[in-house]
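Close look at the chain arrangement
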Amino acid sequence: MSQENVEAFKRGLEAGNRGDVETLLEGLDPEVEWHSALHALLGGEQTVFRGHDGVREMLRDLNEAFGEIQIEISEIRDLGDGLIAIGRTRTRGKASGAETETPLALVTEVKNGKTISIRGYLHPKEALEAVGLSDG
């Protein structure tokens, strides 16, 4: 696994968790496609956001609904030109204050040192199956 890809992913995750959008975007290709699974938590479907403006829109949507979002990753697996990160999302509703904890997996694809695709899954098993791995 490219240690650079893992370190870049961790930097992006930390930036996202602290709300530092510009640092998060530094690791993303300008044409990135982000398939947000977290929008399913809002009662919708997985939504695709394209480019840096799309990522900003996605984060605005999530920040309107949730007063707090923290992604905690417990495992990262090598996919060659990307990775799969497995963990959970902790959220607190902005209006309700209700707290939730949801499993989450992110599958990334990296090209020329930048993430070109992120696909989120609310069920890590589905993410593992999507990339041809098992959870065993």
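Description of the structure in this document. Values in this document were obtained by computation on a predicted structure and should not be read as measured data.

**So, the pattern of salt bridges**
This model, assessed by the stated rule, comprises ten salt bridges. The salt bridge partner of Arg56 is Asp53, with a shortest N-O separation of 3.1 Å. Highlighted residues: Arg56 and Asp53, both in helix 4 (residues 51-65), separated by three residues, approximately one helical turn. Assessed through its relative accessible area of 26%, Arg56 is described here as partly exposed. In this structure, Arg92 and Glu68 form a salt bridge, with 3.7 Å as the shortest nitrogen-oxygen distance. Taken as a pair, Arg92 in strand 4 (residues 82-93) and Glu68 in strand 3 (residues 66-78) lie far apart in primary sequence, 24 residues in all.

**Brief notes about the side chain of Ser36**
If you trace the backbone, Ser36 turns up in strand 1 (residues 28-36). Within the local environment of Ser36, its side chain forms a polar contact with the backbone nitrogen of Leu38, the two atoms lying 3.4 Å apart.

**Thoughts on the layout of surface pockets**
Roughly 670 Å³ of internal volume is contained in the largest pocket. Lining the largest pocket are 40 residues; nearest its centre among them are Gly12, Gly16, Leu24, Trp34 and Ile71. At the level of secondary structure, the elements contributing two or more residues to the lining of the largest pocket comprise helix 1 (3-17), helix 2 (21-26), strand 1, helix 4, strand 3, strand 5 (99-111) and strand 6 (114-121). Here the lining of the largest pocket takes eight residues from helix 1, the largest share from any one element. Looking at the lining of the largest pocket, its residues break down into 21 nonpolar, 15 polar and four charged.

The rules behind these values
- Residues numbered from 1 in each chain as written.
- Predicted model: local features only at pLDDT ≥ 70, side-chain atom pairs only at ≥ 80, totals over all residues.
- Heavy atoms only, no water.
- Salt bridge = Lys/Arg side-chain N within 4 Å of Asp/Glu carboxyl O.
- Helix = DSSP H or I, 4+ residues; strand = E, 2+ residues; numbered from the N terminus.
- Buried < 20%, exposed > 50% of the residue type's maximum accessible area, 1.4 Å probe, protein only.
- Polar contact = N/O pair within 3.5 Å; in protein donor to acceptor, adjacent residues only side chain to side chain.
- 1 Å grid on protein atoms, 1.4 Å probe; cavity = no way out; pocket = protein on both sides within 12 Å on 5 of 7 lines; lining within 4 Å.
- Points joined across faces, edges and corners; volume = space filled by probe spheres on them.
- Nonpolar A, V, L, I, M, F, W, Y, C, P; charged D, E, K, R; others polar.

Any functional reading would require information that these geometric values do not contain.
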